[in-house]
Amino acid sequence: CRQLPAPSGAPNSFIFSYSKRVSGSQVLELGLSSPAALKVHLKGEITETGVPLVANTWQHVVLTRASKDGTVTLYIDGNKAFSVSKLRIGANLEQGGAFMLGNTGDNGAHAFVGFMAEVSVWKCVVTREVIRKMSHKPVLTGSEDKLCLYLNFKGVSEDDSSVLYDVTSERE
């Protein structure tokens, strides 16, 4: 996500989730616990990062995950804020799941309160250098190699009911 303004108290809400229901659990989620610290859910395992989001402040949030060694890393404003290894080593995300922003698909019970300016999803672990560049200004065009999804919310207001398009779909 690019420039995510932190909510001022939205415990147990989710910024995004990717799920393909397997034994009743979500596959991957990034959310907020109380008090507004980021947490990662991966195949039923919850990792509390202890990394808080600052209320009413735009922040650039990046979550990377390498299934080979189970390393999950969280970056805030281009800086590494949290890392854990050996988290579900080798666990792959199943294809055909649903990617949701601002919730987990549970009828709004865990809705995120805040705004997002950009969201990108990659087929690889993005390097620290790319993360730093992205944290300072929008640099993506939608044609980057291994970029799966790129949503840019520029010009979309909170009460806008228009459709948001994946910019990567413009590739040939």
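Look a little higher up for the structure.
What you see is a predicted model; the values in this text were computed from it and never measured.

## Focus on the sheet that holds strand 5 (residues 45-52)
Link 1 in the chain: Spatially, 5-4-3-2-10 is the arrangement adopted by the five strands of the open sheet, whose pairing is antiparallel. The open sheet has two edge strands with one neighbour each: strand 5 and strand 10 (98-101). For this sheet the average axis-to-axis angle between neighbouring strands, irrespective of direction, equals 20°.
Link 2 in the chain: Where strand 4 (residues 37-42) lies against strand 5, five bridges are found, and the strand directions are antiparallel.

## Here's the deal with the pattern of salt bridges
Link 1 in the chain: By the definition in use, this model includes one salt bridge.
Link 2 in the chain: A salt bridge links Lys-133 to Glu-129; the nearest nitrogen and oxygen atoms lie 3.5 Å apart. Of this pair, Lys-133 and Glu-129 both sit in helix 1 (residues 128-136), four residues apart, which is roughly one turn of that helix.
Link 3 in the chain: Overall, Glu-129 belongs to the exposed group, its relative accessible area being 54%.

## Points about the side chain of Ser-135
Link 1 in the chain: In this structure, Ser-135 sits in helix 1.
Link 2 in the chain: A distance of 2.8 Å separates a polar atom in the side chain of Ser-135 from the backbone oxygen of Arg-132.

## Focus: the sheet that holds strand 7 (residues 61-66)
Link 1 in the chain: Read across the sheet, three strands follow the order 7-8-9 without closing on themselves; strand pairing throughout is antiparallel. One side of each edge strand has no neighbouring strand; the edge strands of this open sheet are strand 7 and strand 9 (79-84). Pairs of neighbouring strands in the sheet enclose a mean axial angle of 20°, with direction left out of account.
Link 2 in the chain: Two elements, strand 7 and strand 8 (residues 71-76), share six bridges in a ladder whose sense is antiparallel. Looking at the pairing, Ala-66 lines up with Thr-71 of strand 8.

Thresholds applied
Residues numbered from 1 in each chain as written. Predicted model: local features only at pLDDT ≥ 70, side-chain atom pairs only at ≥ 80, totals over all residues. Heavy atoms only, no water. Pairing = 2+ DSSP bridges. Helix = DSSP H or I, 4+ residues; strand = E, 2+ residues; numbered from the N terminus. Axes fitted to C-alpha atoms, helices over the stretch in contact; angles between N-to-C directions. Salt bridge = Lys/Arg side-chain N within 4 Å of Asp/Glu carboxyl O. Buried < 20%, exposed > 50% of the residue type's maximum accessible area, 1.4 Å probe, protein only. Polar contact = N/O pair within 3.5 Å; in protein donor to acceptor, adjacent residues only side chain to side chain.

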